[in-house]
Amino acid sequence: MMKQKSVIHYQLTLCCIVIVLAALTLLIKPYITAWLTPLWLYQLFFFFCINLIIYHLTQKKMQGDAAKFANLYMILTVTKLVLFLSIILIYAFSFPEDAKRFIISFLGYYICFMVFNIINFVKMKKNGK
């Protein structure tokens, strides 16, 4: 029951983060058009999906052996970074006219989600979940 509660809490919090980021982006969009790709909404959805997948993969291992969890977490982190770099490079070479805006938007959302994940991870470790 407690695990299910924390999963639902994470999902709701993640949804709130996405909604807040989308609202902020829409509010400041007229002022940052030089740095915002037209694909910003897809980027938000992509980060939402990746975070859900990684959370569910790590949640299963968190209750088990600490060494196995650490290994899984490192593997997922490296895989995620390689995936992100691949997406950025493929897009940059395919659409060079939008590459700068795509990379800046991607990096901005990446930093927001990274901060969210770090805060969430510290809370989970502190609560022993």
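Position labels on residues start from 1 in each chain and follow its written sequence. A pLDDT threshold of at least 70 governs which residues receive local features in this predicted model, and a stricter bar of 80 or more applies before side-chain atom pairs are shown or counted, although totals over entire chains, interfaces and linings include all residues. Only hydrogens and water are set aside; all other atoms, that is, all heavy atoms of the structure, feed into the side-chain values.

## Topic: helix 3 (residues 66–94)
Now for step 1: Helical segments are the DSSP runs of H or I of at least four residues, strand segments are the runs of E of at least two, and each set is numbered from the N terminus. By this rule, a helix spans an expected 1.5 Å times one less than how many residues it contains. Over its 29 residues, helix 3 runs 42 Å from end to end, which matches the ideal 42 Å to within 8%, given 1.5 Å per residue.
Now for step 2: Accessible area is worked out with a 1.4 Å probe on protein chains only. A residue is then buried under 20% of its type maximum, exposed over 50%, and partly exposed in between. All of the buried residues in helix 3 are Phe69, Leu76, Lys80, Phe84, Ile88, Tyr91 and Ala92.
Now for step 3: Residue contacts are defined here by distance: any two heavy atoms, one from each residue, within 4.5 Å place the two residues in contact. In this structure, the buried side of helix 3 is in contact with helix 2 (40–62) and helix 4 (99–127).

## A short note on the layout of surface pockets
Now for step 1: Size it by volume and the largest pocket reaches roughly 400 Å³.
Now for step 2: A cavity here means a set of 1 Å grid points, computed over protein atoms only, where a 1.4 Å probe fits but cannot escape. A pocket is an open set with protein on both sides within 12 Å along at least 5 of 7 lines, and lining residues have an atom within 4 Å of a point. If you go around the largest pocket, you meet 23 residues; those closest to its centre are Asn51, Ile54, Tyr73, Lys80 and Asn117.
Now for step 3: Elements with a contribution of two residues or more to the lining of the largest pocket: helix 2, helix 3 and helix 4.
Now for step 4: Looking at which element gives the most residues to the lining of the largest pocket, the answer is helix 4, with 8 residues.
Now for step 5: Each residue gets one of three labels, nonpolar for Ala, Val, Leu, Ile, Met, Phe, Trp, Tyr, Cys and Pro, charged for Asp, Glu, Lys and Arg, and polar for the others, Gly among them. Broken down by class, the residue content of the lining of the largest pocket amounts to 17 nonpolar, 5 polar and 1 charged.
Now for step 6: Grid points are joined across faces, edges and corners, and a volume is the space filled by probe spheres set on the points. Put simply, the second largest pocket is a space of about 200 Å³.
Now for step 7: Taken together, Leu21, Leu24, Thr25, Ile28, Ile32, Trp35, Leu36, Ile104, Ser105, Gly108, Tyr109 and Cys112 form the lining of the second largest pocket.
Now for step 8: Elements with a minimum of two residues in the lining of the second largest pocket: helix 1 (2–28) and helix 4.

## A short note on the side chain of Asp98
Now for step 1: Summarising the element assignment, Asp98 is placed in the loop between helix 3 and helix 4.
Now for step 2: Residue class for Asp98 comes out buried when judged on its relative accessible area of 5%.
Now for step 3: A distance of 2.6 Å separates a polar atom in the side chain of Asp98 from a polar atom in the side chain of Thr37.
Now for step 4: Two N or O atoms form a polar contact when they lie within 3.5 Å of each other; inside protein one atom must be a possible hydrogen donor and the other a possible acceptor, and for residues adjacent in sequence the pair counts only when both atoms belong to side chains. A distance of 2.7 Å separates the side chain of Asp98 from the side chain of Tyr91, its partner in a polar contact.
Now for step 5: When near neighbours in sequence (up to four residues on either side) are disregarded, Asp98 contacts Thr37, Pro38 and Tyr91.

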